[in-house]
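# Structure assessment
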Amino acid sequence: QVQLVESGGSLVQPGESLRLSCAASGSIFTIYDMGWYRQAPGKERELVATITRDHVTSYADPVKGRFTISRDNAKNTVSLQMNSLKPEDTGVYYCNADVLTDRWRRATYWGQGTQVTVSS
């Protein structure tokens, strides 16, 4: 089994910063791509950012220039630094990981989500 646990969600004011973290644990042999998604109330889950094992990153247009995704392969963690937050960034943020387990099973795993609220 593989578990992903997010942390760092909070209530912040517009313009402030927040850093989300996600730690993967369990029967992991290696982790390929990792990513962050978010889901606003009444909307579908959307991609925020992804990062490959070689640290190649990609971002959704609404967050380019404001968010930075990073990872630590040795610790099986992925982080999302969010700057200049806007009310439209509000939502539940989920991390995911493309994992090859130590039983040679490859699958995508999701965390339980962490709430980010941007409001004055």
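First, a word on what this report is: a plain description of the structure on this page.

Enumeration according to the criterion identifies one disulfide in this entry. Covalent S-S linkage joins Cys22 and Cys95, the inter-sulfur distance amounting to 1.9 Å. Remark: Cys95 occurs in strand 9 (residues 91–101) and Cys22 occurs in strand 3 (residues 18–26); sequence separation between them is 73 residues.

Take the nonpolar core next. Formed by 29 residues in total, the largest nonpolar core has its most connected members in Trp36, Leu80, Met82 and Tyr93. Apart from residues lying up to four places away in sequence, Met82 is in contact with Glu16, Ser17, Leu18, Leu20, Arg66, Phe67, Tyr93 and Val116.

Attention now goes to the side chain of Thr101. On the secondary structure map, Thr101 appears in strand 9. Among all residues touching Thr101, those that are not within four sequence positions of it are Val2, Ser27, Ile28, Phe29 and Tyr109.

Parameters at a glance
Residues numbered from 1 in each chain as written. Predicted model: local features only at pLDDT ≥ 70, side-chain atom pairs only at ≥ 80, totals over all residues. Heavy atoms only, no water. Disulfide = S-S within 2.5 Å. Helix = DSSP H or I, 4+ residues; strand = E, 2+ residues; numbered from the N terminus. Core = buried A, V, L, I, M, F, W, Y, C linked by side-chain atoms within 4.5 Å. Buried < 20%, exposed > 50% of the residue type's maximum accessible area, 1.4 Å probe, protein only. Contact = heavy atoms within 4.5 Å.

Nothing here speaks to function; it is geometry throughout.
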